[in-house]
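Inside the fold
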Amino acid sequence: MFGIVRPCRHVLCKGLYADWMGHLCGLCLALRDEHGHLSRLVTNYDGLLVSVLTEAQSPTSTSRRRAGPCALRGFKGADVVESEGVRLAASVSLLLAAGKVSDHVADGDGVYARRPVAAGATRLAGRWSSAGTAVAGTLEFDPTPLTAAADRQTLLERAHAQASPRSSAAPGLRELTGPTEDAVAAAFAHTAVLAGKPHNREALEAAGRGFGKLAHLIDAVEDLADDRASGAYNPLAVTGTGLDEARRHCDAAHAELRAAVDGLDLPRPGLTRALLVRETSSAVSRAFAIAGTHGTGHPLGDPDAPPGQRPPKRDPGGLLSLACAALTCCTCGLYRPAWDEDREGSFCERFDCSGYDCCGNCCSCCPGEDGCCCDGCSCGCD
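Attention here is on the structure that accompanies the text. Every value quoted in this text rests on a predicted model; they were computed, and no experiment measured them.

1. A word on empty space enclosed by the protein
One pass over the structure, following the stated rule, counts 2 cavities of 30 Å³ or more. Computed from the structure, the second largest cavity encloses a volume of approximately 50 Å³. Along its surface, the second largest cavity is lined by Leu173, Arg174, Thr177, Lys213, Leu217 and His249. Elements with a contribution of two residues or more to the lining of the second largest cavity: α6 (173-176) and α8 (201-230).

Spelled out as structure tokens, the structure:
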């Protein structure tokens, strides 16, 4: 549920990481204050991007308030974002979570196949959907693309199930990513309204479509092996799309996203570019490093593959998995179970993300920009 953009301290300047945490904590507290503690479960890193985009289009920093000590911050206070952008992020997160839960119930995934769990999840999804729609109304945001995305996706999947994957009647991979693209495009575009930058709307829609396509494809790549083993639906499997072809689709989507971000009028571009350009590129590399060995010649299941290419520990499933997922949610993703930590750890080792610390590669990543967080460096991290 936490999305594909998951920056760590190694890959963001200290200043940009503090800004990102300000948006993250602001979203978490906005969900708590307006919708209760349980709603903090829907904290979504990708949904957070609309808050970042709203601030990036403003010439001055978004209003912040001092938050009290939190265990996740070492019992320290923090300056957290308080803005319409955060409220839009809360609305998007609630609607996305409602759609995700409804999709799990419809598919009967795991514990959702049990009637009591399905009934409770359906009620919870309904509350989240109503809450997200209500917040959207106060921001003059039409949530239809988000609320309709899950239903459209279900119809497309059913159409694919009823037709031969290679027949002309079967939806193609591009069509299957359409609902996600439309939903993200709508959310991104509305940040131009909140920021008073209507001329950014077209580029924001293009960025949203590129990001939505990436998110859908990366999710499919990461789940491919498990979905094949369980017989669950996966857009890559049903369309016969191999990892090499999927990588080409991801690279093309990332190029579209980067071009759209380059076309935006952003007085404060640093965090937006770091997340939407650099971190999405890392997300693509991470997904294919886990799902296969794009460019290495060794499948992850190959016992003779180098240690860094061996598969991570698998999610054990059952109550342990559910409890760890709940703890991860309650800590906004800062707690990770061992099987998830292995993935991130092996990725950091393989790609040496420590090389991207603030005063290491900062000046080489975006020469000519102001506001670097390093002493003696006049550029800003993109």
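2. Here's the deal with the side chain of Thr177
Here Thr177 lies in the loop between α6 and α7 (178-195). For Thr177, the residues in contact, after removing those within four places along its chain, are Lys213, His216 and Leu217.

3. Some thoughts on the nonpolar core
Among the nonpolar cores identified, the biggest contains 83 residues, and Leu12, Trp20, Trp128, Phe188, Phe211, Leu236 and Leu276 are the most heavily contacted of them. Contacts of Trp128, omitting those with residues within four sequence positions, involve Leu38, Ser39, Leu41, Val42, Leu94, Ala97, Ala98 and Val101.

4. Quick notes on unusual backbone geometry
Note on backbone geometry: most residues besides glycine have negative phi, and most peptide bonds are trans. A positive phi angle, close to 60 degrees, is found at Glu140, a residue other than glycine. When you line up the elements, Glu140 lands in the loop between α4 (115-138) and α5 (144-162). Residue Glu140 is classed as exposed on the basis of its relative accessible area, which comes to 69%.

5. Details of the pattern of salt bridges
Opposite charge on two side chains permits pairing when their charged atoms draw close. A complete count under the given rule lists 14 salt bridges for this structure. Asp79 is the partner of Arg66 in a salt bridge, and the nearest nitrogen-oxygen pair spans 3.4 Å. On the criterion of sequence distance, the pair formed by Arg66 in strand β1 (residues 64-70) and Asp79 in strand β2 (residues 76-81) is long-range, its members being 13 residues apart. You can call Asp79 partly exposed: its relative accessible area is 44%. One continuous salt-bridge network, built from bridges that share partners, spans Arg32, Asp33, Arg65 and Glu82.

6. Notes on the packing of aromatic side chains
All told, the structure shown has 3 aromatic pairs when counted by the stated rule. Pairing Tyr17 with Trp20 gives two aromatic rings, centres 5.9 Å apart and planes at 35 degrees, and the pair type is tilted. Within this pair, Tyr17 and its partner Trp20 are both found in helix α1 (residues 14-35), separated by 3 residues, close to a single helical turn. Each member of the pair, Tyr17 as well as Trp20, carries the same accessibility label: buried. One aromatic cluster is present, built from ring pairs that chain together Tyr17, Trp20 and Tyr45.

7. A look at the environment of Arg247
Structurally, the position occupied by Arg247 is in helix α10 (residues 243-262). Note on Arg247: relative accessible area 16%, which makes it buried. As a C-alpha pair, Arg247 and Ser285 span 38 residues in sequence and 9.2 Å in three-dimensional space.

8. Some details on the side chain of Ser93
Within the secondary structure, Ser93 is located in helix α3 (residues 84-107). Residues within four places of Ser93 in sequence aside, it is in contact with Leu27, Val42, Asn44 and Gly47.

9. Focus on the environment of Gly77
Along the chain, Gly77 falls in strand β2. Here the alpha-carbon distance between Gly77 and Ala67, two residues 10 residues apart in the chain, equals 5.4 Å.

Definitions and limits used
- Residues numbered from 1 in each chain as written.
- Predicted model: local features only at pLDDT ≥ 70, side-chain atom pairs only at ≥ 80, totals over all residues.
- Heavy atoms only, no water.
- 1 Å grid on protein atoms, 1.4 Å probe; cavity = no way out; pocket = protein on both sides within 12 Å on 5 of 7 lines; lining within 4 Å.
- Points joined across faces, edges and corners; volume = space filled by probe spheres on them.
- Helix = DSSP H or I, 4+ residues; strand = E, 2+ residues; numbered from the N terminus.
- Contact = heavy atoms within 4.5 Å.
- Core = buried A, V, L, I, M, F, W, Y, C linked by side-chain atoms within 4.5 Å.
- Buried < 20%, exposed > 50% of the residue type's maximum accessible area, 1.4 Å probe, protein only.
- Salt bridge = Lys/Arg side-chain N within 4 Å of Asp/Glu carboxyl O.
- Phe/Tyr/Trp six-rings, centres within 6.5 Å; stacked < 30°, edge-to-face > 60°.

Just distances and angles here, no functional claims.
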